[in-house]
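Structural features, examined
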Amino acid sequence: MRNWIKTWILAAVTLMIAACGETSNEYTIGNCFLIIDNSTHQDATLAGCMNPNAPGMFCIIKTSFRSGVNYFEFTDNAGVSSSKPFDGIDARRSQVLGYNNGIIVGYSALNIPATFYAFDLECPNCFDPQVYPLRSKPLSLTTNGLAVCAICHRQYNLNNDGFIATGEQGKRLTRYQATTTGPFGVLSVH
């Protein structure tokens, strides 16, 4: 009887190990912390990408420092750009925009209901955060919801979880957890 129990336990453990297979996390931990209250900024470029009724619109968010003032910089995949200065609350928050000061946010056009995504702006196959000095490998956006790397020429589908649409095999886009309360609401990325 004891041999039967040992055999059963060994078989169960073997099945559990085999069932696990290769796993990967859906989200990246760290490297990003951003909160923007668009009810105070009223930025139309950002609002377009936080609108679940306009899926397929994506926006690059970066920060800049000009004339002693921090700014949010927004550029959507239709080529519209805008900037808004930090308000008092923004200035007190620690803003970390991905690996190298840039993220992409927007609603997928493929999912029903639409999924809200936030991706790092750096190409996951060309940019290495462990190499110093850091050399940026930023992605650019196309009107049809792709992020393109000028170095490796991979195209990542922003509407499909950041998977590679064309180009050599490799890593999909670095994804962060993100929520929005609507076009002129709060954007939170971490």
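The structure reproduced in this document is the subject of the present report. In every chain, residue numbers begin from 1 and rise along the written sequence. With pLDDT at 70 or above as the cut-off, local features in this predicted model cover only qualifying residues; side-chain atom pairs require 80 or more to be listed or tallied, and sums for whole chains, interfaces and linings still use all residues. Water and hydrogen atoms were dropped before computing side-chain values, which therefore reflect all heavy atoms in the structure.

**Quick look at the environment of leucine 121**
Turning to its location among the elements, leucine 121 is positioned in the loop between β6 (116-120) and β7 (139-141). Here's how the labels work: a residue is buried when its accessible area is under 20% of the maximum for its type, exposed when over 50%, partly exposed in between, all with a 1.4 Å probe on protein chains only. Residue classification places leucine 121 among the buried positions, given a relative accessible area of 5%. In this structure the C-alpha to C-alpha distance between leucine 121 and lysine 137, which are 16 residues apart in sequence, comes to 8.2 Å. Here, residues are in contact when the closest pair of their heavy atoms is within 4.5 Å. Apart from residues lying up to four places away in sequence, leucine 121 is in contact with Ile60, Lys62, Gly102, Ile103, Ile104, Lys137, Pro138 and Leu139. Runs of E in the DSSP output that reach at least two residues are strands. Runs of H or I that reach at least four are helices, and both are numbered from the N terminus.

**Quick notes on the sheet that holds β7**
Pairing between strands requires that DSSP locate at least two bridges from one strand to the other. Reading across from one edge, β7-β8-β9-β10 is the order of the four strands in this open sheet, with antiparallel pairing throughout. Lying at the two open borders of the sheet, with one neighbouring strand each, are β7 and β10 (163-166). Neighbour to neighbour, the strand axes of the sheet diverge by 40 degrees on average, direction disregarded. One ladder, built from three bridges, connects strand β8 (residues 146-149) with strand β9 (residues 155-157); its direction is antiparallel. Bridge pairing links valine 148 to glutamine 155 in β9. Axes here refer to lines fitted to C-alpha atoms; in helices the fit is confined to the stretch in contact. Angles between the N-to-C directions go from 0 to 180 degrees.

**A short note on the pattern of salt bridges**
By definition here, a salt bridge exists when the distance from a side-chain nitrogen of Lys or Arg to a carboxyl oxygen of Asp or Glu is within 4 Å. In this structure the tally under the stated criterion is four salt bridges. Of the charged contacts, one joins glutamate 73 and arginine 66 as a salt bridge, the two residues approaching to 2.4 Å between their closest N and O atoms. Accessibility expressed as a relative area gives 22% for glutamate 73, which makes it partly exposed. Among the ionic pairs, arginine 172 bridges to aspartate 161, the shortest N-O distance being 2.3 Å. Taken together, the residues span a long stretch of sequence, with arginine 172 in the loop between β10 and β11 (175-176) and aspartate 161 in the loop between β9 and β10 at a distance of 11 residues. Look at arginine 172 and you get partly exposed, because its relative accessible area is 22%. Among the residues examined, aspartate 161 registers a relative accessible area of 13% and is labelled buried.

**Some words on the nonpolar core**
Ranked by size, the top nonpolar core spans 21 residues in total, and within it Leu34, Ile61, Ile103, Val105, Leu187 and Val189 carry the most contacts. Breaking this core down by element, the ones donating at least two residues are β1 (34-37), α3 (44-49), β2 (58-66), β3 (69-76), β5 (103-107), β6 and β13 (186-189). With three residues, β5 is the single largest residue contributor to this core. Among buried residues, the Ala, Val, Leu, Ile, Met, Phe, Trp, Tyr and Cys ones that are joined through side-chain atoms within 4.5 Å form a nonpolar core. Counting residues in hydrophobic clusters, the runner-up holds 14 residues, among them Phe58, Phe119, Ala147 and Cys149.

**Structural notes on the packing of aromatic side chains**
Under the pairing criterion, centres of Phe, Tyr and Trp rings, with the six-membered ring standing for Trp, must be within 6.5 Å; the plane angle then separates stacked pairs below 30 degrees from edge-to-face pairs above 60, leaving the rest tilted. Within the structure shown, the criterion is met by five aromatic pairs. A centroid spacing of 6.2 Å and a plane angle of 25 degrees characterise the contact between phenylalanine 72 and phenylalanine 74, whose relative ring orientation is stacked. Ring geometry for tyrosine 99 against phenylalanine 127: centres 5.9 Å apart, planes inclined by 45 degrees, an arrangement best described as tilted. Linking tyrosine 99 in the loop between α4 (88-92) and β5 with phenylalanine 127 in the loop between β6 and β7, this pair joins segments that are 28 residues apart in sequence. Tyrosine 99 gets classed as partly exposed once you look at its relative accessible area, which sits at 27%.

The quantities given are spatial measurements derived from coordinates; they are silent on function.
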